[in-house]
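Tertiary structure, described
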Number of protein chains: 2
Amino acid sequence: MKDRAEARTLAGDAYAVIHRAIRSGLLKPGQRLRFADLQALCGMSVSPVREALVRLTAEGFTVSDDHRGFSVAPLSIAELLDIVGTRKLLEGEALRLSIEHGDSEWEGRLLAAHHVMSRLPRERDDLPTAIREDWDQRHADFHRTLISACRSPILIEMCEKLFVRADRYRRLSVSVPNQSRDVVCEHERIMTCALNRNADEAVAALKEHYQRTADAVERLFQDGAATE
Amino acid sequence: MKDRAEARTLAGDAYAVIHRAIRSGLLKPGQRLRFADLQALCGMSVSPVREALVRLTAEGFTVSDDHRGFSVAPLSIAELLDIVGTRKLLEGEALRLSIEHGDSEWEGRLLAAHHVMSRLPRERDDLPTAIREDWDQRHADFHRTLISACRSPILIEMCEKLFVRADRYRRLSVSVPNQSRDVVCEHERIMTCALNRNADEAVAALKEHYQRTADAVERLFQDGAATE
DNA sequence: GGCACCCACATTTTCGAAAATCCTACCCTC
DNA sequence: GAGGGTAGGATTTTCGAAAATGTGGGTGCC
C-alpha cells in the first residue's frame, strides 16, 4: 500500500522491490516467480521474500498456487473494467462524503496538492523516469486529498488499494503520448466543484475522469499491449 | 477469507486456527500475540504462523508493529459504524447489479439458500456451538448468493472481506437473546423484493437490515462489552 | 500405440537456530 | 532526585538447510 518509509524490515524492502518490479513491467503479467530469482533480485533469504509475496497476493498483485509458488497476477480488460467500475462507486461516495464533511483546512490541502501537481510537467514517455515518478506521486496525492475528509478509514483504505492496482494499467497508457485529453483540466474541474461544495457535479466529474482513463487503456489493450 | 478447504499448507491451517481463535474471542481484541503461544496453539514452527499473521494483518484482523510483532486488532464503535456504512454502500450496489443481471438460475440459488437457512433454528446463545456455526454458515451463504450475480469479482471480494470483519462484531450481539427483531422476516423481505426485481426496495431493505444489526451491537458496546 | 506407474529432479514449504531488535531495570552522572 | 546511557533478557526477524510436494520423463504392461 505504502512504498516509501516501508523499510524497517527486510520483508518490507522485499515488498517494495517486488511491487516496483511488477508495476514497472520488469516482472510481466502471468510470469512465474521463482524464489531463487527473487532472492537474487532482493538480495536476501527466502523468508522475507515469501512474506512479501504473501502480502502482494492479499492485495491482488500476485497469485499463489499451493505448493507451486507464486506468479504475477495477469492483466485483463475484464479486470480493468471491474476495477474502474468499483473505483467510481467507492471514490465517488468518498468524495461526496469529503465534500460534506471537509473543512477549510481540507480545502487548503486540496488547493495545495493541485497546485504542486499542476506545476510539474505532464507525464510523458520521453521524460526521465524520476520526473515521471514524481508526477505519479503528486497525482496520487491529489486524489488521496480529494477523499481524505470522508471520515471513513475503510473507504480510504479500499480506494488506496484500488488506486495502486489500477496504476498497473494506467502505466500502460502513459506510453501513448497524446490522448487528446486535457487531464489537468479534468483535475481542475473536479477540484473546483468540490471547493464549491457542488457534490453531484464533482462526483460526476471524478467518475468521468476515471472512465476516460479506462477507455484509453482499453484501446491500448486491443492493440495487443497485453500480450507482450 | 475462506475457512474451509484451506488446508493444503500448514500456513493455511495456521490462518484458519488463528482466525477462528480471534472470532471466537479466545484471543481478545488488543491482545499481544507471541509467537511462542501461537506455535503451541497451532502445533507448528514459526514460519507458517508468521505467514498466517501477515495474511490476517492484510485483512484487518491483526495489526503489526515492526520488530514488535503482532496483536489482535481492537474493536471500536467507530470501526463498527465504518464497516456497516461501507457495507451498505458496497453490498447495496452489488445487490442492485445482481438484480439487474441475475437470471433464473440465480433466483433458484437464492430461494434455495433462503430455504435452508430458514429451516435452521435461529441463532441463540443456548444452542450448541455446532448448530450456531451451521446457522452462521447458511446466513453467510444467503448474503453471498444475494450479490453473486453482480458480475464484479472485486465487489464480491470486498463484500466478503467486510462480512467476515463485521462478523467479529455480530458475534457479540448474539449473546443478547432477544432483540425484538424478526431477522427471518427481514431476510425474506430482501429476497422477495430481489425476486420481484424491485431493486430500490431490495437495496433499502438490505441497508436497513445491516443498520439494525449495527444498532444492536452498538447498544451492547455501550453496556461495556468491549472493555472485557 | 496407449496408459499407468515410478523414479529423479526442480521447487516450494517448513524447521530450528542464529542474528537483530526492542524492552526493562539498573547504575552512573549531574 | 532526574536524566541518560547501557547490559541482560525476552521477542521478533532472518537465515540456511531439511522435508515435503509437484513435474517431467522413461519404463514396463496391456
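Please refer to the structure higher up on the page.
Residues numbered from 1 in each chain as written. Chains lettered and ligands numbered in written order. Predicted model: local features only at pLDDT ≥ 70, side-chain atom pairs only at ≥ 80, totals over all residues. Heavy atoms only, no water.

A look at the relation of the copies chain A and chain B
Selection criterion: Copies overlap after least-squares fitting; the atoms used are the C-alpha atoms of residues with pLDDT of at least 70 in both. Contact definition: two residues touch when any of their heavy atoms are within 4.5 Å.
The transformation that overlays chain A on chain B combines an axial shift of 0.0 Å with a rotation of 180 degrees, and the residual RMSD is 0.0 Å. The transformation just described matches what one would write down for a two-fold rotation axis. When the interface residues of chain A are mapped onto chain B, 100% of them again fall at the interface, so both copies present the same face.

A closer look at the packing of aromatic side chains
What describes a pair of aromatic rings is the distance from one ring centre to the other and the angle between the planes of the rings. Residue and element names in this part refer to chain A. Counted only if it meets this: Centres within 6.5 Å make a pair out of two Phe, Tyr or Trp rings, where for Trp the six-membered ring is used; the pair is then stacked when the planes are under 30 degrees apart, edge-to-face when over 60, and tilted otherwise. Each helix is a run of DSSP H or I of at least 4 residues and each strand a run of E of at least 2, with the numbering of both proceeding from the N terminus. Any residue under 20% of the maximum accessible area for its type is buried, any over 50% is exposed, and the rest in between are partly exposed; the area is computed with a 1.4 Å probe on protein chains only.
Using the criterion set out here, one finds two aromatic pairs over all chains in the structure. Arranged with centres 6.2 Å apart and planes meeting at 80 degrees, the rings of Phe 35 and Phe 70 form a pair that is edge-to-face. With Phe 35 in helix α2 (residues 35–42) and Phe 70 in strand β3 (residues 69–72), this residue pair connects regions lying 35 residues apart in the sequence. The exposure class assigned to Phe 35 is partly exposed, which follows from its relative accessible area of 21%.

Examining the interface of chain A and chain B
To keep it simple, the criterion reads: Put simply, buried area is the surface a 1.4 Å probe can reach on two separate parts but cannot reach once they are joined, added for both. Salt bridges, as used here, are contacts in which a Lys or Arg side-chain nitrogen is within 4 Å of a carboxyl oxygen on Asp or Glu. Nitrogen and oxygen atoms within 3.5 Å of one another constitute a polar contact, given that in protein one can donate a hydrogen and the other can accept it, and given that sequence-neighbouring residues count only through two side-chain atoms. Each residue gets one of three labels, nonpolar for Ala, Val, Leu, Ile, Met, Phe, Trp, Tyr, Cys and Pro, charged for Asp, Glu, Lys and Arg, and polar for the others, Gly among them.
Taken together, the contact between chain A and chain B spans 23 residues of the former and 23 residues of the latter. Interface area for chain A against chain B, summed over the two sides, is near 2200 Å², with a carbon-plus-sulfur share of 61%. For the chain A face of the interface with chain B, the top three residues by lost area are Asp 82, Leu 89 and Ile 154 of chain A, together amounting to 24%. In this assembly, chain A and chain B are joined by two salt bridges. In this structure, Glu 51 of chain B engages Arg 50 of chain A in a salt bridge whose closest nitrogen and oxygen atoms are separated by 2.7 Å. Seen at the junction of chain A and chain B, the total is eight residue pairs in polar contact (both at pLDDT 80 or more). Where the side of chain A that touches chain B is concerned, the elements lending two or more residues are α3 (46–58), α4 (77–101) and α7 (153–174) of chain A. The element best represented in the side of chain A that touches chain B is α7 of chain A, accounting for seven residues. Its residues assigned to classes, the side of chain A that touches chain B shows 10 nonpolar, four polar and nine charged.

Some details on the side chain of Glu 91 of chain A
Residues and elements named next belong to chain A. Inspection of the secondary structure assignment puts Glu 91 in helix α4. Judged by its relative accessible area of 2%, Glu 91 falls in the buried class. In contact with Glu 91, other than residues within four places in its own chain, are His 143, Ile 147, Cys 159, Leu 206 and Tyr 210.

Regarding the side chain of Ser 152 of chain A
By secondary structure assignment, the location of Ser 152 of chain A is in the loop between α6 (129–147) and α7. At 2.4 Å, the side chain of Ser 152 of chain A forms a polar contact with the side chain of Asp 82 of chain B. Apart from the residues lying within four places of it in its own chain, the contact partners of Ser 152 of chain A are Asp 82 and Thr 86 of chain B.

Concerning the protein's contact with DNA strand C
For clarity, the threshold we go by: We define proximity as follows: a residue is near a molecule or strand when any one of its heavy atoms falls within 4 Å of that partner.
In the region of DNA strand C, 22 residues are neighbours, and Arg 8 and Arg 50 of chain A together with Leu 10, Ser 47 and Arg 68 of chain B sit closest. Taking the atoms of DNA strand C that fall within 4 Å of the protein, sugar and phosphate contribute 86% of them. Between DNA strand C and Arg 8 of chain A, the relevant distance is 2.4 Å, taken from a phosphate oxygen to a side-chain nitrogen or oxygen of the residue. Interatomic distance of 3.1 Å between a side-chain N/O atom of Arg 34 of chain A and a phosphate oxygen of DNA strand C. Of all the secondary-structure elements, those providing two or more residues to the surface near DNA strand C are β1 (32–33), α3 and β3 of chain A together with α1 (10–24) and α3 (46–58) of chain B.

Topic: the packing of helix α1 (residues 10–24) of chain A against α3 of chain A
All names here are of chain A. The test is simple: To obtain each axis, a line is fitted to C-alpha atoms, and for helices this fit is confined to the stretch in contact; angles are then taken between N-to-C directions over 0 to 180 degrees. We call two directions roughly parallel when the angle between them is under 35 degrees, roughly antiparallel when it is over 145, roughly perpendicular when it lies between 65 and 115, and oblique otherwise. Helix crossings are classified by the rotation of the near helix relative to the far one: an anticlockwise turn of less than a right angle makes the crossing left-handed, while a clockwise turn makes it right-handed.
With their axes 8 Å apart at the nearest point, α1 and α3 run at an angle of 55 degrees to one another. For the element pair α1 / α3, the angle class is oblique. Crossing of α1 over α3 shows right-handed handedness. On α3, the residues that touch Leu 10, Ala 11, Gly 12, Ala 14, Tyr 15, Ile 18 and His 19 of α1 are Pro 48, Val 49, Glu 51, Ala 52, Leu 53, Arg 55 and Leu 56. Classifying every residue of the contact of α1 with α3 by side-chain character gives 10 nonpolar, two polar and two charged.

Note that all results are geometric; they support no functional claim without further evidence.
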